[in-house]
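The chain contents come next:
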Amino acid sequence: MDKVIRNTKLEDERSLIRAPSDLIINKRTNAAPSDANSGESNTAIQEGSPKFAYILAFFSALGGFLFGYDTGVVSGAMLLLKREMNLNALWQELLVSSTVGAAALSALAGGYLNGLFGRKICILLASSIFSFGGIILSIAPNKEVLLFGRLVVGLGIGIASMTVPVYIAEVSPPHLRGQLVTINTLFITGGQFIASVVDGAFSYLSNGGWRYMLGLSAIPAVLQFLGFLFLPESPRWLLQKGRSQQAHQVLMHIRGTENVEEEYDSIKTTIEEEEKESGGGPVLWRILASGPARRALIVGCGLQMFQQLSGINTVMYYSATILQMAGVRDDRMAIWLAAVTAFTNFLFTLVGVWLVERVGRRKLTLGSIIGTSASLFVLALGFLLSAHASPPVTFHPSDPTFFNSTCTHYGFCEYCMLDPNCGFCYNENGSTILNSSCEHVNPANTEEAASESTDAFWAYNYCPTTYSWIVLLGLILYLAFFAPGMGPMPWTVNSEIYPLWARSTGNACSAGVNWICNVLVSLTFLHVAQYLTYYGAFFLYSGLALLSFLFVLGCLPETKGLVLEDIETLFSTRLSFRLWYRAVDLSITFFKL
């Protein structure tokens, strides 16, 4: 025992990054039975049939599919809605960010609901709310009802977003946990891809195509609700509520073997120890007062924050709009190109599912961030080249008071396009721009100029350019690097790092941070692009992605292959910012050179 204590003290002096291995070994060596049957028991648990775990993961991950579908479908639907309902930039941002704002609130409330009612009831509640919201969206007669439907959908998404990863992590065997939790993200990206295909298919309808795009989300929500009526509650939650016999039966059913005593006893012992040590008071206060739980919360919330600040949902919500900004004129072409980017996201999330248990969470996240930052730089470069090659305004009306004198002052398309009251009107001869002018936009419909022009092209929110391919390349590279790492890892890590008594609240807080940052980015993107220019906005996201690299480098430990009850030990020492400071020093030295 003295040797174990000395080893533990020695480890406490080491950094977080080096702490995991020996601490876990010492703990498990001390806790494990001394006879040979212990290893055989553990092997039996590991080799139990995982089929039922995959079924649980599938129906749980339908919540991720709904999350992804909503994220992806609004991109194409917005192109049709802004024309049919004459939506200005503010209303477009409201319809996108209202869902995100509602999700942030319901994700925070989801921690309390999970602790009170359990994971299963919360998932059933989320799918019910989402079904109701999908019906409202499909029959919305005006933008106000549409906004209400988006809020309702957001409430369902928020509860599901924090509950599903927790449920999957708690029912998964340790050797499959990372893979099964990452399947949830795979379903998110699959939902985004399916949504983009649905967008493309219904974009050919002359009127009301957006109703089908938004309303079809009710189908997977109903499927998830029906499936979960027959699926069990989390055994860890059941044990926490004192329902020991039911928890034991569920654990045997999930593992596909009756030999679950070691895992059952480990979970039960951990819960009993936590209850003795935790004391009373609100769970969030107990998290902040507990060193390991507080450090886990900092890491979890930091990962979720940087995931959003790197601009992912700007790319997903506005992918079709971004392609139009890059010079793609046709709505249908922009929607189908957005589908290509969504498929890239889905494809490379599969790569993440394959890599997560081979490479580990930490290395996968660091590699993903480097590629993400570089891809955002390429995206910004495409917009910068387009800006420098911006066609000039060759025609200025002789009467500057006609419609709006402000638009007539711009000499290039770039400046004209950044003014929300103006658009670029031009004729084309092959690749040559002729007879161009900056005109006031029709207040009733941004798809046309205030002045009637039958033969000219009208460009609102974009300039004709030959550099559109660089923007498309940047989008594809961005998703190819983001999808395997920074996409799933914040959710995977957050589902693992909290002790059971703090798991619901910790995941609720981190999911809330994710949604709040999502609101911040999606609500401000069009205005940030207006004031910083398009290339300035993506240079900003690229810089924020680099900042997240320093955070992960200094704070994120490896959790691959560890039992949930052992992961808390990783945060028993102080967070190590030594590597973070070293990276900052190297960066400063580099720029001085």
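Let me begin by describing the structure that accompanies this report.

Conventions adopted
Residues numbered from 1 in each chain as written. Predicted model: local features only at pLDDT ≥ 70, side-chain atom pairs only at ≥ 80, totals over all residues. Heavy atoms only, no water. Helix = DSSP H or I, 4+ residues; strand = E, 2+ residues; numbered from the N terminus. Polar contact = N/O pair within 3.5 Å; in protein donor to acceptor, adjacent residues only side chain to side chain. Contact = heavy atoms within 4.5 Å. Expected span 1.5 Å × (residues − 1). 1 Å grid on protein atoms, 1.4 Å probe; cavity = no way out; pocket = protein on both sides within 12 Å on 5 of 7 lines; lining within 4 Å. Points joined across faces, edges and corners; volume = space filled by probe spheres on them. Phe/Tyr/Trp six-rings, centres within 6.5 Å; stacked < 30°, edge-to-face > 60°. Buried < 20%, exposed > 50% of the residue type's maximum accessible area, 1.4 Å probe, protein only.

Some remarks on the side chain of Gln179
At step 1: With respect to the helices, strands and loops of the structure, Gln179 is situated in helix 8 (residues 174-202).
At step 2: Looking at Gln179, its side chain comes within polar contact range of the side chain of Tyr54, at 3.1 Å.
At step 3: In contact with Gln179, not counting residues within four places along its chain, are Tyr54, Val353, Val356 and Glu357.

Considering helix 7 (residues 143-171)
At step 1: Spanning 29 residues, helix 7 covers 42 Å between terminal C-alpha atoms, matching the ideal 42 Å at 1.5 Å per step.
At step 2: The residue sitting at the N-terminus of helix 7 and contributing the capping side-chain oxygen is Asn142; that oxygen lies 3.2 Å from the backbone nitrogen of Glu144.

With respect to empty space enclosed by the protein
At step 1: This structure, assessed with the given rule, holds 10 cavities of 30 Å³ or more.
At step 2: Size it by volume and the largest cavity reaches roughly 190 Å³.
At step 3: Along the wall of the largest cavity there are 17 residues; nearest its centre are Ile188, Gln192, Gln307, Ile312 and Phe482.
At step 4: When contributions to the lining of the largest cavity are tallied by element, the ones reaching two or more residues are helix 4 (51-84), helix 8, helix 15 (291-309), helix 16 (312-317) and helix 18 (331-359).
At step 5: Looking at which element gives the most residues to the lining of the largest cavity, the answer is helix 8, with 4 residues.

Points about the packing of aromatic side chains
Two measures describe an aromatic ring pair: the distance that separates the ring centres and the angle between the ring planes.
At step 1: For the structure shown, the criterion picks out 17 aromatic pairs.
At step 2: Ring centres of Phe58 and Phe187 lie 5.6 Å apart, and the angle between their planes is 80 degrees; on these two criteria the pair is classed as edge-to-face. On the criterion of sequence distance, the pair formed by Phe58 in helix 4 and Phe187 in helix 8 is long-range, its members being 129 residues apart.
At step 3: For Phe187, a relative accessible area of 18% puts it in the buried group.
At step 4: Measuring from centroid to centroid gives 5.7 Å for Tyr478 and Phe482, while their planes differ by 20 degrees, and the two rings are stacked. In this pair, Tyr478 and Phe482 are both assigned in helix 21 (residues 468-482), 4 residues apart and thus about one turn of the helix distant.

Quick word on unusual backbone geometry
At step 1: At Thr533, a residue that is not glycine, the phi angle is positive and equals roughly 70 degrees.
At step 2: Following the sequence through the fold, Thr533 ends up in helix 23 (residues 500-555).
At step 3: Note on Thr533: relative accessible area 14%, which makes it buried.

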